[in-house]
Amino acid sequence: MIFVKNLKSVSDQDWTTTDKYPGVRWKFLIDKDFDGSSGLSLGYAEIAPGGDLTLHYHSPDEIYVITNGEGILNKSGDLEKIKKGDVVYIGGNEKHALKNNGKETLEFYWIFPTDRFSEVKYLS
Ligand code: 7BC
Ligand code: NI
């Protein structure tokens with residue numbers, strides 16, 4: 001299977017949000033639940049200025065690709081500034097968080113080595 005998608009392709013998909021992650025919204029771009037794809041999954045998230053993807057962990061490894069803005073990455077308690085163009089590797093079960101302390105929307109893609117986002121169990 002090969003397919004191409006982009007944010008316009010999923011403009012009919014509603015944004016997902018949760019009170020747990022204030023100022024954060026996301027969509028699914030490559031995901032077995034939507035596309036029948038397998039092995040890897042990818043989503044896109046935006047964090048508004050002041051928003052916070054709060055501390056959490058999950059057993060799958062994860063990658064972030066930061067495409068706009070800047071923020072503070074929490075690496076199991078160690079803080080590091082991140083910005084557009086940065087990529088982040090997060091090992092399985094490592095606690096992490098991402099906060100937008102900038103003026104622009106912080107935009108990033110995340111990738112999991114799972115068929116679908118819905119099988120990632122979020123722990124905190
Ligand atoms: O952006 C979200 C919303 C659940 O999650 C992906 C990023 C992460 O670290 O799990
Ligand atoms: Ni995560």
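The rules behind each value
- Residues numbered from 1 in each chain as written.
- Chains lettered and ligands numbered in written order.
- Predicted model: local features only at pLDDT ≥ 70, side-chain atom pairs only at ≥ 80, totals over all residues.
- Heavy atoms only, no water.
- Pairing = 2+ DSSP bridges.
- Helix = DSSP H or I, 4+ residues; strand = E, 2+ residues; numbered from the N terminus.
- Axes fitted to C-alpha atoms, helices over the stretch in contact; angles between N-to-C directions.
- Near = heavy atom within 4 Å.
- Polar contact = N/O pair within 3.5 Å; in protein donor to acceptor, adjacent residues only side chain to side chain.
- Nonpolar A, V, L, I, M, F, W, Y, C, P; charged D, E, K, R; others polar.
- Patch = residues over 30% accessible without salt bridge, like charges linked within 9 Å, V, L, I, M, F, W, Y side chains within 5 Å.
- Areas by Shrake-Rupley, 256 points an atom, 1.4 Å probe, with all protein chains shown as cover.
- Salt bridge = Lys/Arg side-chain N within 4 Å of Asp/Glu carboxyl O.
- Buried < 20%, exposed > 50% of the residue type's maximum accessible area, 1.4 Å probe, protein only.

What follows covers the sheet that holds strand β2 (residues 41–47). Read across the sheet, five strands follow the order β1-β2-β9-β4-β7 without closing on themselves; strand pairing throughout is antiparallel. Each edge of the open sheet is held by one strand with a lone partner, namely β1 (24–30) and β7 (87–90). Sheet twist, expressed as the mean angle between neighbouring strand axes with direction ignored, is 20°. Sheet topology note: the β1/β2 ladder contains six bridges and is antiparallel. By the bridge assignment for β2, V24 is matched with I47.

Looking now at the pairing of strand β4 (residues 62–68). Taken together, the four bridges between β4 and β7 define a ladder with antiparallel strand orientation. Within the sheet, the bridge partner assigned to V65 lies in β7 and is V87. The pairing of β4 with strand β9 (residues 106–112) spans five bridges and is classified as antiparallel. Bridging from a neighbouring strand, V65 pairs with Y109 of β9.

Moving on to the site of ligand 1. The local shell around ligand 1 holds 13 residues, among which H56, E62, Y64, H96 and Y122 are the closest. In the model, an oxygen atom of ligand 1 is placed 3.3 Å from a nitrogen or oxygen of the H58 side chain. Residue Y122 places a side-chain N or O atom 2.5 Å away from an oxygen atom belonging to ligand 1. Secondary-structure elements contributing two or more residues to the shell around ligand 1 are β3 (52–56), β4 and β9. Looking at the shell around ligand 1, its residues break down into nine nonpolar, three polar and one charged.

Below, the discussion takes up a nonpolar patch on the surface. A surface patch of nonpolar side chains, about 300 Å² in accessible area, is lined by M1, F3 and I30. Structurally, F3 is set in the segment before β1. F3 gets classed as partly exposed once you look at its relative accessible area, which sits at 31%.

A sheet is described by the order of its strands in space; here four strands give the open sequence β3-β8-β5-β6, paired in antiparallel fashion. Among the strands making up the open sheet, the edge pair consists of β3 and β6 (78–83). Mean inter-strand twist for the sheet, computed between neighbouring axes without regard to direction, equals 20°.

These results come straight from atomic positions and should not be treated as a statement about function.
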